[in-house]
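This is what each chain is made of:
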Amino acid sequence: MTPTTPAAGARPRPVMMIPLRRCGSHALRLRLNMAPQFYSPYPLHIVDFMPLLPLYGDLRDDRHYFRLVTDLCGLQAVSMVKWPGMVFDPVEIFEALRHQPRSIHRIHWELLLRAAEHQGARVVMDKSLDNVHYADELMQLLPDMLFVNVVRDPRAQVASMNRAIIHDFDTRLNAETWLAAQRAADHVMQRYPQRVLTIRYEDFLSQQRATLEALCSFLNIDFLPQMLDIGASQEARQIAQLSALWSSNCYPPIVANIDKFRQQLSADEINVIETLSGDYMDRYGYTRLASGDADLSPEQRKAAVARSDAGRERAWRDLEQDNFRDYVLRRCRADYLAQLRARLSQQALQPARDSAPVTLSELDPAAFEVSD
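Every value quoted in this text rests on a predicted model; they were computed, and no experiment measured them. (Residues numbered from 1 in each chain as written. Predicted model: local features only at pLDDT ≥ 70, side-chain atom pairs only at ≥ 80, totals over all residues. Heavy atoms only, no water.)

## Structural notes on the overall build of the chain
When helices and strands are tallied, the chain shows 14 helices and 5 strands. Considering the chain as a whole, with its 372 residues, one finds that 52% of them fall into the buried category. For the chain, the proportion of contacts with a sequence separation of at least 24, taken over those separated by at least 6, is 76%. A total accessible area of about 17700 Å² is found for the chain, and carbon and sulfur atoms account for 51% of it. (Helix = DSSP H or I, 4+ residues; strand = E, 2+ residues; numbered from the N terminus. Buried < 20%, exposed > 50% of the residue type's maximum accessible area, 1.4 Å probe, protein only. Contact = heavy atoms within 4.5 Å. Areas by Shrake-Rupley, 256 points an atom, 1.4 Å probe, with all protein chains shown as cover.)

## Comments concerning the pattern of salt bridges
In a structure, side chains of opposite charge can pair up when their charged atoms sit close to one another. A complete count under the given rule lists 28 salt bridges for this structure. For the salt bridge of Asp-58 with Arg-60, the shortest nitrogen-to-oxygen distance reads 2.7 Å. Judged by relative accessible area, which is 61%, Arg-60 ranks as exposed. The closest approach of N and O atoms between Glu-176 and Arg-301, which form a salt bridge, is 2.9 Å. With Glu-176 in helix α7 (residues 171-191) and Arg-301 in helix α13 (residues 298-322), this pair connects stretches of sequence that are 125 residues apart. Accessibility expressed as a relative area gives 21% for Glu-176, which makes it partly exposed. (Salt bridge = Lys/Arg side-chain N within 4 Å of Asp/Glu carboxyl O.)

## So, the packing of aromatic side chains
Per the stated rule, a full pass over the model turns up 8 aromatic pairs. With a centroid separation of 6.3 Å and 55° between ring planes, the pair formed by Tyr-65 and Phe-94 is classed as tilted. Highlighted residues: Tyr-65 in helix α2 (residues 62-77) and Phe-94 in helix α3 (residues 90-97), separated in sequence by 29 residues. One exposure class covers both Tyr-65 and Phe-94, and it is buried. (Phe/Tyr/Trp six-rings, centres within 6.5 Å; stacked < 30°, edge-to-face > 60°.)

## Quick notes on unusual backbone geometry
Here the residue pair Ile-18 and Pro-19 is connected by a cis peptide bond, since its omega of 0° sits within 30 degrees of zero. With respect to the helices and strands, Pro-19 occurs in the loop between β1 (13-18) and α1 (25-32). A positive phi angle, near 70°, is found at Arg-22, a position not held by glycine. The residue Arg-22 is located in the loop between β1 and α1 in this model. Classification of Arg-22 as buried rests on a relative accessible area of 19%. Phi at His-45 is positive, roughly 50°, even though this residue is not glycine. With respect to the helices and strands, His-45 occurs in the loop between β2 (38-39) and α2.

## Some remarks on the packing of α3 against helix α4 (residues 104-119)
Axes are the key here: two packed helices are described by the angle between their axes and the distance separating the axes. Between α3 and α4, the shortest axis-to-axis distance is 11 Å and the interhelical angle comes to 110°. Relative to α4, the element α3 is oriented roughly perpendicular. Seen along the crossing, α3 lies across α4 with a hand that is right-handed. Residue-level inspection shows Glu-92, Ile-93, Ala-96 and Leu-97 of α3 in contact with α4, the latter providing Arg-106, Ile-107, Glu-110, Leu-111 and Arg-114. (Axes fitted to C-alpha atoms, helices over the stretch in contact; angles between N-to-C directions. Parallel < 35°, antiparallel > 145°, perpendicular 65-115°, else oblique. Left-handed = near helix turned anticlockwise from the far one by under 90°.)

## Concerning the packing of α2 against α3
Interhelical geometry of α2 versus α3 gives an angle of 130° and a closest axis separation of 9 Å. Judged by the angle between their axes, α2 and α3 are oblique. Along this stretch, α2 crosses α3, giving a crossing that reads as right-handed. Residue-level inspection shows Asp-62, Tyr-65, Phe-66, Val-69, Thr-70 and Cys-73 of α2 in contact with α3, the latter providing Pro-90, Val-91, Ile-93, Phe-94 and Leu-97. Here the contact of α2 with α3 is built from residues that sort into 9 nonpolar, 1 polar and 1 charged. (Nonpolar A, V, L, I, M, F, W, Y, C, P; charged D, E, K, R; others polar.)

## A few points about the environment of Arg-195
Within the fold, Arg-195 resides in the loop between α7 and β5 (196-200). Look past the residues within four positions of Arg-195 in its chain and what remains in contact with it is Arg-13, Met-139, Pro-143, Asp-144, Met-145, Leu-146, Phe-147 and Phe-218.

## What to know about the sheet that holds strand β3 (residues 123-126)
By definition, the strands of a sheet pair up through backbone hydrogen bonds, in either a parallel or an antiparallel sense. In space, the 5 strands of this open sheet follow the order β2-β3-β1-β4-β5, with parallel pairing throughout. Either end of the sheet is taken by a strand with one partner, and the two such strands are β2 and β5. Sheet topology note: the β1/strand β4 (residues 146-151) ladder contains 4 bridges and is parallel. Each residue of the ladder has a partner; that of Val-15, found in β4, is Leu-146. Those strands touched by α4 are β1, β2 and β3, and its axis lies near 135° from that of β3. (Pairing = 2+ DSSP bridges.)

## Concerning the confidence of the model for the chain
Here the chain averages 89 in pLDDT, and 87% of its residues register 70 or above. A low-confidence stretch, residues 1-6 (pLDDT under 50), is modelled with 11 contacts involving residues beyond four sequence positions or located in other chains. Throughout residues 360-372 the model reports pLDDT below 50, and contacts reaching past four residues in sequence, or to other chains, amount to 10 contacts. (pLDDT = per-residue confidence, 0-100.)

Shown next, in the form of C-alpha cells:
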C-alpha cells in the first residue's frame, strides 16, 4: 500500500492497539513513532478512570460534562510520561465538543487528535489496549478507526503481568484477564474484520522488519529502516529510565526470551493458564505443555484474590525502595484518581439543586473555579 496524502482539513485517522498490556505494545509503538506520519503518545489508560464515570451524573448537564472534561485534562497532566508540547485548556476542549455526542471517549480522543495534529501526523494511535472493551462505542464516535491486535503467548504475557504493578499478582487472575481481553478482541474481529490487523508478538521478535512493514502498510504510513534501530529513539531511552517495566524498550528484541516463562512460572501455573486459554493457544500456534485440567473452583479463586492483594501491597513497598521515580509518578496518578473519587462521592451525597440539565450559559462562571 502506498501512503497517500490526507484530504485538506482532514483530522488524523484513529487507530487503537488491542487487547491487553504487557504484549510488547511499547516496543511496537516506539518504532512506529519514528515515522513522521504517525503519532502515538504514552497512553492515558482511561480504563482506570471508568469506575468514576457514573459519579459524574447526567452528561447532558453542561456542569457535569465540563467537570469531566476538566478532570480528563488533569489525568493527562499527571501522566507518567508527558505529551511533548501539549497543555490542554478545558474550556477550549469543552467548547469544541459541547454540541457533539457526549462521551468520555470523545473527550479522550479529542486530546489524542490534537496531540497528533501538533506533531503533524496523519495517523494517531491509542495504546490504551484495555479500551478494546469499548470498541463498539468508539466505532460509533470514530467510524474510520483501525485496530492493531497484538497476540502474545499467554504464558509469557501472564508471567510478565504477574510482575507488573498495573495488573494482579496472581497467575489465575491474570490468565482470566487475558482470556476476557481475547474474547473482546474476537468481537472486534468478527464485527469489523476489514479494520483489524492481527500480529503475533513472537513473529515481531523473529521477523522484526517484516512485521513492521506489514504494520506500516496497514496503517498507510512509510516504513523507515531506522525503525529497526530502537537505540536511536530518544523516547525509548527516556521511558526505559522511568520504570523497570520499560527497561528493555531501548534494546533490540531478544528472541531467546520467547520461552523465558518456563523459568518464571511453576508447572501448576502453566497448567492454570493453559486450562483457561488452551483454545486460543491452539488458534495462534502456541504449543501446549500441560494437561489443561487445573482446579478452577471458586475456592481457589478466592485464595488467588487474597494472594494478589497481599502481593500488591508488597509491590508498592518494594517499588518505593527500588525506584523512587517510578513510585512517585505512579503514586501521583493513583492519588489523583483517589481524590477525584472522594470529591465526586461527596458531591453525590449532596441534594441536587435541580433535576433538569443545566447549560453553561445559565451558570455563574464562579461555579467552575477551583477552591484552595
